Amino acid sequence: MLPKDYEIRDLKDQDRPLLLGFIMQHFYLKEYLLKTYFAKNEDQITEKDWRTIKEDFETRHKSLVASSSGLIAVHLETQQIAGVLMYSIADNPNSTSTIDCKSPNDTRKDPPKSKLLSDFFDLVLRVANSSVDIFQRFPEFKTAMKLNIVCVDSTHQSRGLFKALVHSAVTLARDRKAPVVCGLFTSSFTHAALEKQGFEYLKKMNMMSFRDLQGNAIYEGTSKPCEIATMALVL
């Protein structure tokens, strides 16, 4: 299952300073919905706007990197991070917590400085709020593992690292007695890859119907279908 020349291990505190840079390099503006959103609005974005957007994105992911648990794929020869999976363990709200499988991008308390990015996160929040609460779907479950980010360095792709990271997370969920692994996913590649690993769709949302706060269709005319899917693997 694990590709040759790599190891997958738990994220350690000493990895966290490098992790933010990894996410900024391999996830920032490469996540499909965000990339497409900015491409449609690029004629409105100045150099100053781009700097503000990058600062906002970096600020939002600093807290995720600082607080989330994770797994990293390490290239043995160079000892560089080749992939990362960030996850959290959620408790059923009937027990102790109110965390579910919705997106963490709630910006109401600390909104981005960039209006364009703020509008995007408002969209993501609306999508998340219309998503699936895993504990409403499976009320008998006491805990769940939520996958927040799965990202592989482009120079290490097509070697099975995505599959290996998810497989390691599923094994970890079993060890921790979490009966379901779930998440909200935006990439058609991710949807297909997770299906091959046994994940099932709980809900699909076509983003072509979503509109910004001014009523404009955000993804109309894009070349690929824009879908967000809540997916889960019951163990």
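Residues numbered from 1 in each chain as written. Predicted model: local features only at pLDDT ≥ 70, side-chain atom pairs only at ≥ 80, totals over all residues. Heavy atoms only, no water.

Looking up the protein in an unreviewed UniProt entry gives the name N-acetyltransferase domain-containing protein, with the organism given as Trichomalopsis sarcophagae.

What follows covers the sheet that holds strand β5 (residues 180-185). Spatial strand order, β1-β2-β3-β4-β5-β7-β6: seven strands in an open sheet with mixed pairing. If you trace the sheet from one side to the other, it starts and ends with β1 (6-10) and β6 (200-206), each paired once. Adjacent strand axes in the sheet meet at a mean angle of 20°, parallel and antiparallel pairs treated alike. Where strand β4 (residues 143-152) lies against β5, two bridges are found, and the strand directions are parallel. (Pairing = 2+ DSSP bridges. Helix = DSSP H or I, 4+ residues; strand = E, 2+ residues; numbered from the N terminus. Axes fitted to C-alpha atoms, helices over the stretch in contact; angles between N-to-C directions.)

Bringing the nonpolar core into the picture now. Of all hydrophobic cores here, the largest spans 38 residues; its most connected members are Phe38, Phe120, Met207 and Tyr219. Elements represented by at least two residues in this core include exactly α1 (16-26), α2 (32-40), α3 (47-67), β2 (69-75), β3 (80-91), α4 (115-129) and β4. Among the elements that line this core, the one with the most residues is α4, at six residues. Ranked by size, the runner-up nonpolar core spans 26 residues in total, among them Tyr6, Leu71, Ala73 and Val170. (Core = buried A, V, L, I, M, F, W, Y, C linked by side-chain atoms within 4.5 Å. Buried < 20%, exposed > 50% of the residue type's maximum accessible area, 1.4 Å probe, protein only.)

What follows covers the environment of Tyr87. With respect to the helices, strands and loops of the structure, Tyr87 is situated in strand β3. With residues up to four places along the chain from it excluded, the contact list for Tyr87 reads Ser68, Ser69, Gly70, Leu71, Met145, Lys146, Leu147, Asn148, Leu172 and Arg176. Within polar-contact distance, the side chain of Tyr87 engages the side chain of Arg176 at 3.5 Å. (Contact = heavy atoms within 4.5 Å. Polar contact = N/O pair within 3.5 Å; in protein donor to acceptor, adjacent residues only side chain to side chain.)

Glancing now at the pairing of strand β7 (residues 227-234). Of all the eight residues making up β7, six are buried; the element is thus mostly covered by neighbouring parts of the structure. Of the strand pairs in this sheet, β5 and β7 are connected by six bridges, and their pairing is antiparallel. Residue pairing in the sheet places Cys182 in a bridge with Ala232 of β7.

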